[in-house]
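Listed below, chain by chain, are the residues.
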Amino acid sequence: MSGELGKETAGEMTALVFAVLDQQRLDAMIAEPRFGEVSLALLDNWGPHAEDDASMTRTLRDVGHYMAGIWAVGLHGSPEGFNHASLSRLVEPLGLGSRSRVHAMLVYLQVIGLIRPTAATGDGRIKRYAPTPALEALFRARWRRELALCLPLLEDARAALDRWDEPGVFEAFMAATGRFMAGSFLAYDRKAPNLDGISERNAGLTVMGQLVTMAGGDFPPTGPAVINLSELAKRSGVSRQHARNILKVGEKAQFWRTAADGRLSFTQAFDEQIRVLMASYILHLGWCVEQALQAVDAP
């Protein structure tokens, strides 16, 4: 396996995800005594933060924008840099690698403020791009918070945090995140029960995370719980109508039910999905930390 963002085959990327998210490892993470506590803290952290750029936070609520932002930061830190060719190789296994489509992606990412053009190569033939300062700053702050929350479960998180501002550490972490997310896109079984109806909505996972943290402090949540729609919307950074729509999506998927008195109860189906989601997320963070530390310590 090449170990470099944009240089792996579809099979290599898929195998990577299956290795990290092996069922035995998922079960072991779920069995950790502090798994629920850390999961609740992470879900709450997915909400907007006052110190983050508000405009960039809104842009990254879309899952496609979020993934593109990660790839932009990861490719920028790679030896080749972020250009048309490196982006083409990254998205080709996903069926998005045509020249015209990649060009359109680059234009669009500039329009929404995720990337900016930088100087071309010495001979002027290859145009390079870089993440905007707002994008890079938000990701640097967000992942620092995430790793701090995961300290009870990830033994290497402290070493990464201690070196977070050291040149190359954050960049290697983002490259690993980009590799893992590309592999997840390929490995994902869309026919199996999943949270797609929520995650594919703008800010869907943010609203879901705030809903869980408002439901009484248990993980997975059980209920019944009284959910204030105005508070849910405010905590998620969305309108009341948008929050209401996502609640309806979850109810239609039978993840929760609303009683006649307005109290909300979560189902066994949601219990199973949220456990796997959070265990997978924490394991992915742990793997990215390992990759980052190995990259900066390599001779």
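Right, let's walk through the structure included here. (Residues numbered from 1 in each chain as written. Predicted model: local features only at pLDDT ≥ 70, side-chain atom pairs only at ≥ 80, totals over all residues. Heavy atoms only, no water.)

All right, on to the overall build of the protein chain then. The helix and strand inventory of the protein chain stands at 15 helices and 5 strands. Computed over the C-alpha atoms, the radius of gyration of the protein chain is 20 Å, within 12% of the 19 Å expected from 2.2 N^0.38 for a compact globule of 299 residues. With the principal axes as the frame, the protein chain shows a C-alpha extent of 70 × 40 × 40 Å. The buried share of the protein chain, reckoned over its 299 residues, is 48%. Contacts in the protein chain between residues far apart in sequence, at least 24 positions, make up 68% of those at least 6 positions apart. For the protein chain, the accessible area works out to roughly 14100 Å², and carbon and sulfur atoms hold 53% of it. Each charge class in the protein chain was averaged separately, 31 positive and 34 negative side chains, and the resulting centres sit 8 Å apart. (Helix = DSSP H or I, 4+ residues; strand = E, 2+ residues; numbered from the N terminus. Rg over C-alpha atoms; globule rule 2.2 N^0.38 Å. Buried < 20%, exposed > 50% of the residue type's maximum accessible area, 1.4 Å probe, protein only. Contact = heavy atoms within 4.5 Å. Areas by Shrake-Rupley, 256 points an atom, 1.4 Å probe, with all protein chains shown as cover. Lys, Arg positive; Asp, Glu negative; His and termini not counted. Charge placed at Lys NZ, Arg CZ, Asp CG, Glu CD.)

The next thing to look at is the sheet that holds strand 2 (residues 115–118). If you walk across this open sheet you meet the 3 strands as 1-3-2, and the pairing is antiparallel. The two strands at the open ends of the sheet, each matched to only one other strand, are strand 1 (82–83) and strand 2. Here 4 bridges tie strand 2 to strand 3 (residues 128–131), and the two strands are oriented antiparallel to one another. Following the sheet pairing, isoleucine 115 is matched in strand 3 by proline 131. In the packing of helix 5 (residues 63–76) onto the sheet, contacts are made with strand 1, strand 2 and strand 3, and the angle to strand 3 comes to roughly 120°. Its contacts with the sheet put helix 7 (residues 99–111) on strand 1, strand 2 and strand 3, and the angle it makes with strand 2 is roughly 110°. (Pairing = 2+ DSSP bridges. Axes fitted to C-alpha atoms, helices over the stretch in contact; angles between N-to-C directions.)

This part covers unusual backbone geometry. A cis geometry characterises the amide bond from phenylalanine 219 onward to proline 220, with omega recorded as -10°. Assignment of secondary structure puts proline 220 in the loop between helix 12 (204–213) and helix 13 (229–236). Residues other than glycine seldom take positive phi values, yet alanine 203 does so here, at roughly 65°. Looking at where alanine 203 falls in the secondary structure, it is placed in the loop between helix 11 (196–199) and helix 12. Of note in the backbone geometry, glutamine 254 takes a positive phi value of approximately 65° without being a glycine. Assignment of secondary structure puts glutamine 254 in the loop between helix 14 (240–252) and strand 4 (256–258). Residue classification places glutamine 254 among the exposed positions, given a relative accessible area of 57%.

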